[in-house]
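Observations on the model geometry
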Amino acid sequence: MSTIILVTGGTGLVGKAIEYVIENEPAGSRFGKRPNEKWIFASSSEADLRDPVQTRKLYEKYQPTHVIHLAALVGGLFKNMKYKLTFLRENILINDNVLHASYEHKAQKLISCLSTCVFPDKVEYPLTELNIHNGPPHESNFGYAHAKRMVDVQNHAYKEEFGCNFTSAIPTNVFGPHDNYDLEDSHVIPGLIHKCYLAKKNNTPFVVSGTGKPLRQFIYSRDLAKLFIWQLREYDDVEPVILSGNKICPRPLSCIFNVVGEDEEVSIKEVADAIVKAVGFQGSYTFDTSRADGQYRKPASNKKLLSLIGDFKFTPFEEALNESVKWFLENYNNARI
Ligand code: NAP
Ligand code: GFB
């Protein structure tokens, strides 16, 4: 019996990381490709998942037995602040079509991707899988956040009415190769890598948005990819799992990014300092405090993940950031900039 795994959003940051891991981990290993598996990485050019007809055609074509659902309208703080209805509506359309097609085609399992921005802005910390619906999300991205939260509600409803094996993952902020480096619409790490690169190349100022004070947790895309493969193969519960870094050594900074537990976040200023080092920028940089800071913090607990996955090694942050910068420099001409 072959296993056909459809990865929607397979051409993005996270999808490309899953493809990299499946192709580069030893075949048959915990995260490597298995002999009976066929992996399909779909992009919007193959099917615009906002359209139920195109969605159905994609499922008819591939007959997936398992689905990792990544496809979404995605963006950083500033893109979210600009297009709240668009983020809400497009992601609701995509999610409803993918979940219903997965039900109609009797997918054995579906994992959808949420985000730590779904959590309430005012709630006790650390955030756990039980907090998702305990209050409104931060106003900066309430469109995207509500669309993502609804997937958890849909998963429970499909399970109760039809017995579907649907679940979800809640990653913290992700970065890595194949990211979106657009100067305005991207997330903070790719946005600052691009800005720092241009400042170095053109000898112009490097300007970081906001105050630099907000705190974040980050996960390297290729580590997140392994966690998705683990969830696909070894986790069968409707409740979501937060996918974030592990605390495996005390601060200093070089450890903090992939050891970030719920009580260890990093400031945007620390991120900017790390990017200056990785890019090799010699100048100083300033903060444009006229631009928004967004949510101050969203510390998510990875206790559930750690209790289930056992031994897992996260990539050292500086290695992950250097990989991302290297990929960006080598692919500048065809990257999403
Ligand atoms: P990304 O790099 O922007 O990739 C998005 C993917 O979705 C692309 O493959 C894109 O296809 C596809 N897509 C977008 N609109 C589509 C549509 N209408 N129909 C079909 N496919 C469509 O995003 P990402 O960072 O990999 O995000 C993947 C998932 O992780 C998303 O669900 C996102 O919400 C979640 N997430 C991301 C972060 C983060 O920091 N990046 C953090 C937490 C959660 P094309 O290549 O054809 O455009
Ligand atoms: O990754 P980011 O855009 O999104 O980070 P969020 C925003 C934080 O980084 C704010 C600061 O404090 C910004 O002021 N920042 C500094 C920058 N310079 C830059 C820059 O050049 N670009 C960007 N983008 N930020 C997003 C949610 O929140 O998290 C999404 O809006 C999604 O829905 C994503 O969930 C994972 O972490 O604030």
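An account of the accompanying structure is given in this report. Remember, it's a predicted structure, so these values are computed and weren't measured experimentally. (Residues numbered from 1 in each chain as written. Chains lettered and ligands numbered in written order. Predicted model: local features only at pLDDT ≥ 70, side-chain atom pairs only at ≥ 80, totals over all residues. Heavy atoms only, no water.)

Across all of its chains, the model carries zero disulfides by this definition. The thiol of Cys117 is unpaired, and the distance to the nearest cysteine sulfur, on Cys113, comes to 10 Å. A relative accessible area of 3% places Cys117 in the buried class. (Disulfide = S-S within 2.5 Å. Buried < 20%, exposed > 50% of the residue type's maximum accessible area, 1.4 Å probe, protein only.)

On to unusual backbone geometry, then. Following Tyr125, the chain continues into Pro126 via a peptide bond in cis, with omega recorded as -5°. Relative to the helices and strands, Pro126 resides in the loop between strand 4 (109-113) and helix 5 (142-162). Positive phi values are uncommon outside glycine, yet Asn203 reaches one of about 55°. If you trace the backbone, Asn203 turns up in the loop between helix 6 (188-202) and strand 7 (206-209). When its relative accessible area of 73% is taken as the criterion, Asn203 is described as exposed. (Helix = DSSP H or I, 4+ residues; strand = E, 2+ residues; numbered from the N terminus.)

This part is about the sheet that holds strand 10 (residues 241-243). Strand-to-strand pairing in sheets goes through backbone hydrogen bonds, with the strands running parallel or antiparallel. Read from one edge of the open sheet, six strands run 2-1-3-4-5-10, paired in parallel fashion. Looking along the sheet, the strands with just one partner apiece sit at the ends: strand 2 (37-41) and strand 10. With direction set aside, neighbouring strand axes in the sheet form an average angle of 20°. Pairing of strand 5 (residues 166-171) with strand 10 involves three bridges; the strand directions are parallel. Residue pairing in the sheet places Ala169 in a bridge with Val241 of strand 10. Where helix 1 (residues 13-24) meets the sheet, its contacts fall on strand 1 (3-8), strand 2 and strand 3 (66-69), and the angle it forms with strand 2 comes to roughly 150°. (Pairing = 2+ DSSP bridges. Axes fitted to C-alpha atoms, helices over the stretch in contact; angles between N-to-C directions. Contact = heavy atoms within 4.5 Å.)

Time to look at the site of ligand 1. By nearness alone, 28 residues border ligand 1, and Thr11, Ser44, Tyr144, Lys148 and Arg336 come closest of all. A distance of 3.0 Å separates a nitrogen atom of ligand 1 from a polar side-chain atom of Asp48. Take Leu49: an N or O atom from its main chain is 2.9 Å from a nitrogen atom of ligand 1. Here ligand 1, which alone exposes 900 Å², has 87% of that area covered by the protein. Looking at the shell around ligand 1, the elements that each hand over two or more residues are helix 1, helix 5 and strand 6 (173-175). Class assignment of the residues belonging to the shell around ligand 1 gives a composition of 14 nonpolar, 10 polar and four charged. (Near = heavy atom within 4 Å. Polar contact = N/O pair within 3.5 Å; in protein donor to acceptor, adjacent residues only side chain to side chain. Areas by Shrake-Rupley, 256 points an atom, 1.4 Å probe, with all protein chains shown as cover. Nonpolar A, V, L, I, M, F, W, Y, C, P; charged D, E, K, R; others polar.)

Near ligand 2 lie 24 residues; those nearest to it are Asn173, Lys195, Arg216, Ala292 and Asp293. Residue Leu77 places a main-chain N or O atom 2.9 Å away from an oxygen atom belonging to ligand 2. Protein contacts shield 97% of the accessible area of ligand 2, which totals 710 Å² for the unbound molecule. Breaking the shell around ligand 2 down by element, the ones donating at least two residues are helix 3 (77-82), helix 6 and strand 7. Split into classes, the residues belonging to the shell around ligand 2 amount to 10 nonpolar, 10 polar and four charged.

In helix packing, the relevant descriptors are the interaxial angle and the interaxial distance, both defined with respect to the helix axes. Between helix 2 (residues 52-62) and helix 4 (residues 84-104), the shortest axis-to-axis distance is 10 Å and the interhelical angle comes to 40°. Here helix 4 runs oblique to helix 2, going by the angle between their axes. Between helix 2 and helix 4 lies a crossing whose hand is right-handed. Facing Pro52, Thr55, Arg56 and Tyr59 of helix 2, the residues of helix 4 in contact are Asn97, Val98, Ala101, Ser102 and Glu104. Per-class residue counts for the contact of helix 2 with helix 4 are four nonpolar, three polar and two charged. (Parallel < 35°, antiparallel > 145°, perpendicular 65-115°, else oblique. Left-handed = near helix turned anticlockwise from the far one by under 90°.)

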